[in-house]
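Topology and contacts: notes
Each chain, letter by letter, is given below.
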Amino acid sequence: MAAYILTQAGAKCLMLEAGVWYDTARQSKMFEWTYQAPHRGAVPPNTTFDYFDAAVDGWQVPGEPYLNAPGTDWRWFRSRMLGGRTNHWGRISLRLGPYDFKPYSRDGKGFDWPITYEDLAPYYDKTEELIGVFGSDEHLVNDPDGKFLPPPKPRCYELLVQQACRKLGIPCIPSRLSILTRPLHGRPACHYCAQCGRACATSSNFSAPTVLLPPAMKTGNLEIRCNAMAREVPVGRDGLATGVAYIDKKTRKEVQVHGRIVVLAASACETARLLLNSHSPRHPNGLANSSGIVGRYLMDTVGADGTVGFFPVLMDLPPHNGDGTGGFHLYMPWWNYEKQFRHEMPFSRGYHIEMGGGRHMPGLGIFGDSQCYLGGGYGVELKRGCRKLYGAFIGFSSRGEMIPNDQSYCEVDRNVLDQWGIPVLKFHFKWTNEEIFQARHARETFREIIETAGGEVVKTAGADEDWGISKGGSIIHEVGTARMGADRSTSALNPYCQAWDCKNLFITDGAPFVSNAAKNPTLTILALAWRTSEYIRDQVNKRNI
């Protein structure tokens, strides 16, 4: 997004990408059948999610380790490719609401942002109008409406869940996904292949290589260098950034590039690593770190995944049109803000509910929860049983807010180097009872929905597993390692994501986040990046930087 805005403003930009070039139109596997994949799409452990996933490397990057402190089981997903994780993400595009920017003022926990919803709302508007987000106006107090395309119609299983939610007083509304339901800016509408995670060859959903980079390239102001592993942001005698030092991964030689302004958007943890490794006499604790805040208050989304319900009413259905976008057409935003739904909770923040089911294209493990209902059989009998059960299962997951805590952070371990000679990150992470109680409530709510809809729970998690709360990092929403603030002694960045200690350094990824609401962070990252980039443009025009 920074490249998109700055090149259009006339700035000459060099983008350094640690991974390989990626051409969505040519390299997407969106039209391949599952049975064409090796091992039906299974992949080795610790890589990506499946064979078709539009991601390079994944949970482990060869030659680029990271460390976990004792007692920590953090997982770090890194996608080494142009556009990174925007190629395979779920396209869930939710605005933070007014309450999300001032959580400390509401319950005395965590921290307030130095900006308000009203500050960012115009940039949410512009971002949605650029990338295309479908949804509906619902007038919910902390889930702001937006500039929406029409939502797709709910599918059969989603209508069943929606009916149950109405009985329970839980809002179940159209999803808000960055997928086109109408043509936009020369991009065609979604054709409902439902393979968004494979990257869209027709550019019908949002990714950086399809929506942001082509217009930036057309300006003639953008150069992209792939296989450039950033190592350090050097500074001059005045303490200002002079450019970036990177390793050319093909030659394994260091290269230094120079610029008047440096923008970091390497993802929250990789950006923190860069800052901590950029230490100098002027910045002995790392660049932008006089407050000691860089790397601190690492957050991920709280996840409670894998509760599955079996619904007899969905058995033996005739073939019907269950097509749609990748992901869900309906979801359940956190309802405890609304007066008509409000109840006392044993935790302070909320979550939203996602679901998946229906008669989508069968893939690896499609009947994994069906064994107890198949009753044995082989050959024709087994196939008949599978067809009978096909589409009769619905899975539920929650995505909730984590309150930042002192025990969750990343630091550089200078005794361990990656293959490029760069010190690696070491993670410390802890869920508190706030998050564990939230996961418990989500599991209990899933059960209520399933049973109200006439189903039975066939898979879930209980107290002995901390209610199946996700491992830190596994939801891939890490944010908060270089937070913005109004006080330079307690933050790394000012309210425009400009480093207090280095006025020509800016950050436009998830690192500036002060909290991590129950909303997927990508839309907010894009809106903040737009706002920061306009600020850079204006400051240059005023000759302040």
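For the structure, see preceding data.
What counts, and at which threshold
- Residues numbered from 1 in each chain as written.
- Predicted model: local features only at pLDDT ≥ 70, side-chain atom pairs only at ≥ 80, totals over all residues.
- Heavy atoms only, no water.
- Buried < 20%, exposed > 50% of the residue type's maximum accessible area, 1.4 Å probe, protein only.
- Helix = DSSP H or I, 4+ residues; strand = E, 2+ residues; numbered from the N terminus.
- Pairing = 2+ DSSP bridges.
- Axes fitted to C-alpha atoms, helices over the stretch in contact; angles between N-to-C directions.
- Disulfide = S-S within 2.5 Å.
- Contact = heavy atoms within 4.5 Å.

1. Re the pairing of strand β10 (residues 243–248)
The buried count for β10 comes to 5 of 6 residues, which makes it a mostly enclosed element. In this structure, β10 lies alongside strand β11 (residues 253–258), joined through 6 bridges in antiparallel fashion. When the bridges of β11 are listed, glycine 243 appears paired with histidine 258. Connecting β10 to the next strand, β11, in antiparallel fashion are 4 residues, including arginine 252 with a positive phi near 65 degrees.

2. Section: the sheet that holds β11
In sheet architecture, strand pairing relies on hydrogen bonds along the backbone and comes in two forms, parallel and antiparallel. Here we have 3 strands laid out as an open sheet, ordered β9-β10-β11, and antiparallel in their pairing. On the outer flanks of this sheet lie β9 (228–232) and β11, each paired with one strand and no other. For this sheet, the mean inter-axis angle between neighbouring strands, taken without regard to orientation, is 35 degrees.

3. A short note on the environment of glycine 71
Its place among the elements puts glycine 71 in the loop between β3 (67–68) and β4 (78–79). The exposure class of glycine 71 is exposed, given its relative accessible area of 82%.

4. Concerning the state of the cysteines
Within the structure shown, the criterion is met by 0 disulfides. Among the cysteines around cysteine 269, which has no disulfide bond, cysteine 410 carries the closest sulfur, lying 4.9 Å off.

5. A few points about helix α8 (residues 268–277)
The element α8 is extensively covered by neighbouring structure, given that 10 of its 10 residues are classed as buried. All buried positions along α8 are accounted for by Ala268, Cys269, Glu270, Thr271, Ala272, Arg273, Leu274, Leu275, Leu276 and Asn277. The secondary structure elements touched by the buried residues of α8 are β4, β9, β12 (262–264), β17 (409–417), β18 (423–428) and β20 (505–507).

6. Section: the sheet that holds strand β13 (residues 302–310)
Sheet architecture is open: 4 strands sit in the order β15-β16-β13-β19, paired in antiparallel fashion. The open sheet is flanked by β15 (351–357) and β19 (456–459), the only strands paired with a single partner. Sheet twist, expressed as the average angle between the axes of neighbouring strands with direction ignored, equals 35 degrees. The sheet contact formed by β13 and β19 spans 3 bridges and is antiparallel. Residue pairing in the sheet places valine 308 in a bridge with lysine 459 of β19.

Purely spatial values, then, with no claim about function.
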